[in-house]
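Survey of secondary and tertiary structure
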Amino acid sequence: MYGSRGTYRSEVGLKCPNCKVDLVSAARHKITVQTCPSCKGMWFESQQLEELEDETFDFGEHAKGTLIPSSSPTTLKCPECAASLRRFQYRFYDLEMEFCENQHGYWLANDEDTRVLELMRQEEKDLQRKLRVEDRWAATLRRMRSGTLLERLRERLH
Ligand SMILES: [Zn+2]
Ligand SMILES: [Zn+2]
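Residues numbered from 1 in each chain as written. Chains lettered and ligands numbered in written order. Predicted model: local features only at pLDDT ≥ 70, side-chain atom pairs only at ≥ 80, totals over all residues.

**Considering the overall build of the protein chain**
Applied cut-off: In this description a helix means any DSSP run of H or I spanning at least four residues, a strand means any run of E spanning at least two, and both kinds are numbered starting from the N terminus. Around each residue's C-beta, the other C-beta atoms within 10 Å are counted; 20 or more make the residue buried, 12 or fewer make it exposed, and counts in between make it partly exposed. All C-beta atoms are placed from the backbone. Our contact criterion uses C-beta atoms placed from the backbone: two residues qualify when those atoms are within 7 Å.
From N to C terminus, the protein chain includes 3 helices and 7 strands. Helices and strands appear in the protein chain in the N-to-C order β-β-β-β-β-β-β-α-α-α. Across the 158 residues in the protein chain, those meeting the buried criterion constitute 27%. Put simply, of all contacts in the protein chain between residues at least 6 apart along the chain, 46% involve residues at least 24 apart.

**Details of helix H2 (residues 133-145)**
In plain terms, the rule: Here the expected span of a helix is defined as 1.5 Å times the quantity of residues minus one.
Here H2 is 13 residues long and its end C-alpha atoms lie 18 Å apart, about the 18 Å a rise of 1.5 Å per residue gives. Those residues of H2 lying buried are Arg-136, Trp-137, Ala-139, Thr-140, Leu-141, Arg-142, Arg-143, Met-144 and Arg-145.

**Points about the confidence of the model for the protein chain**
Going by this rule: Confidence of the prediction at every residue is given by pLDDT, a number between 0 and 100.
Taken over all residues, the pLDDT of the protein chain has a mean of 72, while the share at 70 or more is 68%. In the model, residues 48-66 has pLDDT below 50 throughout and makes 27 contacts with residues more than four positions away in sequence or in other chains.

**Regarding the environment of Arg-28**
Residue placement: Arg-28 occurs in strand E1 (residues 24-28). Judged by the 19 C-beta atoms lying within 10 Å of it, Arg-28 falls in the partly exposed class. Expressed as a C-alpha distance, the spacing of Arg-28 and Met-42, which sit 14 residues apart in the sequence, is 8.9 Å.

**Description of unusual backbone geometry**
Positive phi, close to 70°, is recorded for Lys-20, a residue that is not glycine. Position of Lys-20 relative to the elements: it lies in the segment before E1. On the basis of neighbour count, Lys-20 is assigned to the exposed category, with 11 C-beta atoms found within 10 Å. If you check the backbone angles, Gln-103 has positive phi at about 65° while not being a glycine.

**Describing the nonpolar core**
Applicable threshold: Each nonpolar core comprises buried Ala, Val, Leu, Ile, Met, Phe, Trp, Tyr and Cys residues, the members being joined through C-beta atoms within 7 Å.
In terms of nonpolar packing, the biggest core is built from 24 residues, with Trp-43, Phe-44, Met-97, Phe-99, Tyr-106, Trp-107 and Leu-108 touching the most fellow members. Once you skip the residues sitting within four places of it in the chain, Leu-108 turns out to touch Gly-41, Met-42, Phe-44, Met-97 and Asp-113.

**Focus: the environment of Lys-15**
With respect to the element layout, Lys-15 can be found in the segment before E1. By the C-beta count within 10 Å, which is 18 here, Lys-15 ends up partly exposed. With 63 residues separating them along the chain, Lys-15 and Cys-78 place their C-alpha atoms 8.9 Å apart. Beyond its immediate stretch of four places on either side in the chain, Lys-15 contacts Lys-20, Val-21, Asp-22, Leu-23 and Pro-79.

Okay, structure coming up:
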């Protein structure tokens, strides 16, 4: 499933749910994600990387109540299984994104990514946090890719 790392091409042949063009592997906030060269959206494949939740940032408390237990269907299709993606809100960062109910991953639009970073920068200024916003955002993205968040989402929605 994971072939030669570092090649700038799609390794799994996924298509952008938005534009239908091939997604390409790219480093985003130090994490390899599948991005769309056209609309700059990002697809996060679900991975079993639960240990990363402990990295950089303690999500233990934030994990509680960060999700609004509702979601709405969208016209976007999962790049892996073609199921309709559902939109939900990740409350901690006031972030909307789509996920596959079959736990394949998340879709995040480019402007959402930028907006969250701006929100974090503002928060950093206000609270004078030590952690760099890029590191925190990277940790959040890693956490999204862990299987646990998708499992929690499923539990909330069913
Ligand atoms: Zn696209
Ligand atoms: Zn899927």
